[in-house]
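Spelled out, the chains give:
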Amino acid sequence: TVTLFRPNAAISQTEMDLPEILEQLVQQMNDGVVVLNSNEEIEFINDAAAKMFGIGRKAILKKSVAQILPELMPISEMQNIPIEIKSTGVSTSASVSSLYANNIFIGYRIDLADLSKSLKLRRQNSLLEKSFQDSLNSINTRYFKLQEHFRKQSQFLESLLNYLPLRLWSKESVGAYSQQNKK
C-alpha cells in the first residue's frame, strides 16, 4: 500500500499488486519467457514467446515443453542454445535455468532471444558499413582527382613562369614589362 500525505491529511491511498506488476513487466519484455512447472509443463508464457511460436498464450498453457521445444529435451540448465522454431521459422537462442522457492525445485525458466531481429540488425549494419565504405571510396577518388588536377595546374603555371621574362614577375622589377612595351 502506498499512501501520499499532505500535512495533517492523507491525499490518496493506492494498493500495489506486486504479482500483477511483475507479470506486466515480463509481458513487456522483447525476449520470450516461458515458465515450466516441475512436470515440464508450461505454466506461463509472455507475448513475445507466444509470437515466436505462432500460438496464442492460452492455447499453449499446460502443454509439455517437449511438444513445443523438443530440441531442449532432456531439459536441464543450459545457456544460449541456438534453436529454430519450426512452426514459424524464427531463429532463437534459448537459455534454461532452474526455479526454486524456499530451496525447493519448482520448475524451469526458459529465456528465448529472437535471433532474427539480431540478424536483421546485423544486415542493416552491414549495409550501412558498405554504404559508408562506398562513400569513403568516392571521397578518396575525388580527392586523388583533385590532387592530380592541382599537380597539372602547378606544372602549367610553373612552365608559364619559366618562359616569361624574368623582370615580369620578379619582385624587384614590378611593372617593368609594361613600361618596356610603352617605349
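First, a word on scope: everything that follows refers to the structure included in this document. Numbers given for residues are sequential positions, taken from 1 along each chain in its written order. Whole-chain, interface and lining totals are the exception, using all residues; otherwise, since this is a predicted model, local features are given only for residues with pLDDT of at least 70 and side-chain atom pairs are given and counted only at 80 or more. Side-chain numbers come from the whole structure's heavy atoms, not from hydrogens or water.

Overview of the pattern of salt bridges
So, step 1. A side-chain nitrogen of Lys or Arg and a carboxyl oxygen of Asp or Glu constitute a salt bridge if their distance falls within 4 Å. Scanning the model with the defined rule gives 7 salt bridges in all.
So, step 2. With its nearest N and O atoms 3.8 Å apart, the salt bridge here joins Arg-57 to Glu-23. Note that Arg-57 is positioned in helix H3 (residues 57-60) and Glu-23 in helix H1 (residues 18-27), a separation of 34 residues in sequence.
So, step 3. A 1.4 Å probe rolled over the protein chains alone gives each residue an accessible area, and that area as a share of the maximum for its type sets the label: buried under 20%, exposed over 50%, partly exposed in between. Residue Arg-57 is classed as partly exposed on the basis of its relative accessible area, which comes to 29%.
So, step 4. Residue classification places Glu-23 among the partly exposed residues on the basis of a relative accessible area of 38%.
So, step 5. Residue Asp-134 pairs with Lys-130 through a salt bridge whose shortest N-O separation is 3.1 Å. You can see Asp-134 and its partner Lys-130 sitting in helix H5 (residues 115-163), 4 residues apart, about one turn around the helix.
So, step 6. By relative accessible area, which is 40% here, Asp-134 ends up partly exposed.
So, step 7. What emerges from the salt-bridge pattern is a single network uniting Glu-23, Asp-47 and Arg-57. A run of H or I in DSSP counts as a helix once it spans at least four residues, and a run of E counts as a strand once it spans at least two, with each numbered from the N terminus.

Some details on the pairing of strand S7 (residues 104-114)
Strand residues, when the strand is regular, have side chains that alternate between the two faces of the sheet.
So, step 1. Sheet analysis places strand S3 (residues 32-37) next to S7, joined by 6 bridges and oriented antiparallel. Its bridge partner lying in S7, Val-33 is registered against Asp-111.
So, step 2. The rule for pairing is simple: two strands pair if DSSP sees at least two bridges between them. Relative to S7, strand S6 (residues 90-101) runs antiparallel, the two being bridged by 10 bridges. In the strand pairing of S7, Val-96 is matched with Ile-110.
So, step 3. The turn linking S6 back onto S7 is made up of 2 residues, and Asn-102 within it adopts a positive phi angle of 55°.

Some points on the sheet that holds S7
So, step 1. The 5 strands are arranged S4-S3-S7-S6-S5 in an open sheet whose pairing can be described as antiparallel. Each edge of the open sheet carries a strand with a single partner, namely strand S4 (42-45) and strand S5 (78-85). Sheet twist, expressed as the mean angle between neighbouring strand axes with direction ignored, is 25°.
So, step 2. Direction of pairing for S3 relative to S4: antiparallel, over a ladder of 3 bridges. Counted as the bridge partner of Val-34 is Ile-45 from S4. Here an angle of 0 to 180 degrees is reported between the N-to-C directions of two axes, which are lines fitted to C-alpha atoms, with helices fitted over the stretch in contact.

In short, geometric facts, not functional conclusions.
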